[in-house]
Amino acid sequence: MKIDNVDVDSAVTHARQLLAAERDISPALKSALEMILLLVTVLLNRVTLNSKNSSKPPASDPNRKKGSRKKSDKPSGGQKSHVGTTLQKIEDPDEIEVISIDRRTLPNGQYTEDGFETRQVFDIDISRVVIEYQAQRLINENGQCFIAPFPDNVTKAVQYGNGIKAHIVYLSQYQLLPYNRIQEYLTDQLGMPISEGSIYNFNKQAYEKLAKFEAICKEKLVVSPCIHTDETGININGKRHWLHGTSNDKWTHFFPHAKRGTEAMNEINILPRYHGILCHDHWKPYYKYDCTHSLCNAHHLRELTRAWEQDKQSWALEMKRLLEKMNDAVNEAGGLLPHEEAEE
């Protein structure tokens, strides 16, 4: 390994050779120096760990460079088996503008209508829509006043509609925009001022309404043939918590908890009931659950990188390249190798 262009491995090896050749040194001092060299090696191994050769998150990398992803040798644009997103014409456009030919520009002659050629432009109209409900008032001969009932969800003189509430929750919880950015967007684009308290309340309402969905999501994951699980550190009110994620190709469940291990996993109550194939990063608490365990190749690649770069294990580089080649083959095949290739 190298640190600041210093070949630490060579330096430690040289020091050990000199120590082994030294004859006029006491056994106690020699043992102490050997222990120091061992500790130096262990500590340096830890110092050189990063997100590429261990399970450490990218955010912990010292002086990490943004946008430093290795340039791919694949051509630009959509790749083979990639589902494209090209716009397609629709049958019922919102507006139609007819473009007529200026007949003065045409050669002399008789012309008949032959239909139209069409082109469509997809755009967006960001605008505020205010619906005013006017409840009829009637007064009888005795002076009694009767008012038509408003819809159940219209309870105030002025309020936000469900559409804008859903939009705000989407911006906050999926796009992860801060509250003040959402406030600026609504004010600048829609002329609709809103408080942080209202944004918080909309998120809370969505959370409460999703209680049934969470239960359904858990049950879908419990009976799934294969699921993936992991956890990552998060900050809640200045304290360290863990965001536990469990997912398959269709369902994803997130749950924040103060604990990282089995106490949290048991409270979530997915893994204790799961008996399919569980893919994870070989963290010990996962092995407490009665299921088939599958280890994540993304973590294997990091460990193999470390074994090659720091320990000079040539087999690790070969295995890393093999896993990457297998992954490329599966992706190019659309996610599943043909039966005859899978058996090779």
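Residues numbered from 1 in each chain as written. Predicted model: local features only at pLDDT ≥ 70, side-chain atom pairs only at ≥ 80, totals over all residues. Heavy atoms only, no water.

Student: Help me out: how do you make sense of the overall build of the protein in this one?
Tutor: A count of helices and strands for the protein gives 10 helices and nine strands. Residue burial in the protein is summarised as follows: out of 344 residues, 21% are buried. The contacts in the protein between residues at least 6 apart in sequence include a share of 40% that link residues at least 24 apart. By element, 53% of the accessible surface of the protein is carried by carbon and sulfur atoms, the whole surface being about 27600 Å². (Helix = DSSP H or I, 4+ residues; strand = E, 2+ residues; numbered from the N terminus. Buried < 20%, exposed > 50% of the residue type's maximum accessible area, 1.4 Å probe, protein only. Contact = heavy atoms within 4.5 Å. Areas by Shrake-Rupley, 256 points an atom, 1.4 Å probe, with all protein chains shown as cover.)

Student: Can you walk me through the pairing of strand β6 (residues 239–247) in this structure?
Tutor: On a regular strand, one side chain projects to one face of the sheet and the next to the other, so that they alternate. Taken together, the nine bridges between strand β5 (residues 226–236) and β6 define a ladder with antiparallel strand orientation. Bridge pairing in β6 places H228 opposite S247. Hairpin geometry of β5 and β6 is characterised by an intervening segment of two residues between the two adjacent antiparallel strands and by a positive phi of about 55° at N237. As paired strands, β6 and strand β7 (residues 252–257) are joined by six bridges and run antiparallel to one another. Among the inter-strand pairings, W242 is bridged to a residue of β7, identified as H257. (Pairing = 2+ DSSP bridges.)

Student: Could you clarify how one ought to interpret helix α1 (residues 8–21) in this entry?
Tutor: It helps to recall that an α-helix has 3.6 residues per turn; residues three or four apart then point in one direction. Along its 14 residues, α1 runs 20 Å from first to last C-alpha, staying within 8% of the 20 Å computed at 1.5 Å per residue. Listing the buried residues of α1 in full gives V8, V12 and L19. The arc enclosing the buried residues of α1, seen along the axis, measures out at 30°, which places them on a common side. Facing away from the buried side of α1, by more than 90 degrees, are the exposed residues Q17, L18 and A21. (Expected span 1.5 Å × (residues − 1). Arc of directions from axis to C-beta.)

Student: Can you walk me through a negative patch on the surface in this structure?
Tutor: Judged by side-chain charge, E91, D92, D94, E95, E97, D123 and D125 come together as a negatively charged surface patch. Take D125: it is sitting in the loop between α2 (27–47) and β3 (137–139). The exposure class of D125 is exposed, given its relative accessible area of 66%. (Patch = residues over 30% accessible without salt bridge, like charges linked within 9 Å, V, L, I, M, F, W, Y side chains within 5 Å. Salt bridge = Lys/Arg side-chain N within 4 Å of Asp/Glu carboxyl O. Lys, Arg positive; Asp, Glu negative; His and termini not counted. Charge placed at Lys NZ, Arg CZ, Asp CG, Glu CD.)

Student: So what exactly am I meant to see when it comes to the packing of aromatic side chains here?
Tutor: Aromatic rings in a pair are described by how distant their centres are and how their planes are angled relative to each other. For the structure on display, the rule yields four aromatic pairs. Here the basic side chain of R260 rests over the ring of W242, its NZ or CZ set 4.7 Å away from the ring centre. The ring of W283 has R260 sitting right over it, with the charged end atom 4.1 Å from the ring centre. (Phe/Tyr/Trp six-rings, centres within 6.5 Å; stacked < 30°, edge-to-face > 60°. Lys NZ or Arg CZ within 6 Å of the ring centre and 35° of its normal.)

Student: Mind showing me how you'd approach the pattern of salt bridges here?
Tutor: A side chain of one charge can pair with a side chain of the opposite charge when the charged atoms of the two come close. Taken as a whole and judged by the stated rule, the model has four salt bridges. Between D102 and R104 there is a salt bridge, with its nearest N and O atoms 3.0 Å apart. By relative accessible area, which is 33% here, D102 ends up partly exposed. Judged by its relative accessible area of 76%, R104 is exposed.

Student: What am I meant to see in the sheet that holds strand β8 (residues 277–280) here?
Tutor: Reading across the sheet, the five strands line up as β7-β6-β5-β8-β9 and stay open at both edges, with mixed pairing between neighbours. Whereas interior strands pair on both sides, the edge strands pair on one side only; in this sheet they are β7 and β9 (292–295). Adjacent strand axes in the sheet meet at a mean angle of 25° when their direction is disregarded. Against the sheet, helix α6 (residues 211–222) engages β5, β6 and β7, with an angle of about 110° to β7. (Axes fitted to C-alpha atoms, helices over the stretch in contact; angles between N-to-C directions.)

Student: Any chance you could explain the packing of helix α8 (residues 297–309) against helix α9 (residues 314–332) here in plain terms?
Tutor: Packed helices, taken two at a time, are described by the angle between their axes plus the distance between the axes. Where α8 contacts α9, the axes come no closer than 8 Å and their chain directions differ by 150°. Here α9 runs roughly antiparallel to α8, going by the angle between their axes. In the crossing of α8 with α9, the sense of the turn from one axis to the other is left-handed. Side by side, α8 and α9 meet where N297, H300, L301, L304, T305, A307 and W308 of the first sit next to S314, W315, A316, L317, M319, K320, L323 and E324 of the second. For the contact of α8 with α9, the per-class residue count stands at nine nonpolar, four polar and two charged. (Parallel < 35°, antiparallel > 145°, perpendicular 65-115°, else oblique. Left-handed = near helix turned anticlockwise from the far one by under 90°. Nonpolar A, V, L, I, M, F, W, Y, C, P; charged D, E, K, R; others polar.)

Student: What is the right way to read unusual backbone geometry from this model?
Tutor: Negative phi characterises most residues that are not glycine, and trans characterises most peptide bonds. In this model, N237 sits at a positive phi of 55°, which is unusual for a non-glycine residue. Looking at the element boundaries, N237 is found in the loop between β5 and β6.

Student: Sorry, what's going on with the nonpolar core here?
Tutor: Burial of nonpolar side chains together is a common tendency in soluble globular proteins. Core analysis: the biggest nonpolar cluster contains 14 residues, and I227, I270, L271 and L278 have the highest contact counts within it. Apart from the residues lying within four places of it in its own chain, the contact partners of I227 are L221, T246, S247, N248, I270, L271, Y274, I277, L278 and C279. Listed in part, the 11 residues of the second largest apolar core include V169, I182, L190 and I194. (Core = buried A, V, L, I, M, F, W, Y, C linked by side-chain atoms within 4.5 Å.)

Student: Even after reading the chapter, I still don't get the packing of helix α3 (residues 162–174) against helix α4 (residues 179–190), so can you show me in this structure?
Tutor: In the contact formed by α3 and α4, the axes pass within 10 Å of each other and the chain directions differ by 135°. Taken together, the axes of α3 and α4 are oblique relative to one another. Regarding α3 and α4, the two cross each other, and that crossing is right-handed. Note on element contacts: α4 touches α3 through Y179, I182, Y185, L186 and L190, opposite I164, H167, I168, L171 and S172. A breakdown of the residues in the contact of α3 with α4 according to their chemical character gives eight nonpolar, two polar and no charged.

By themselves, these figures tell us nothing about what the structure is for.
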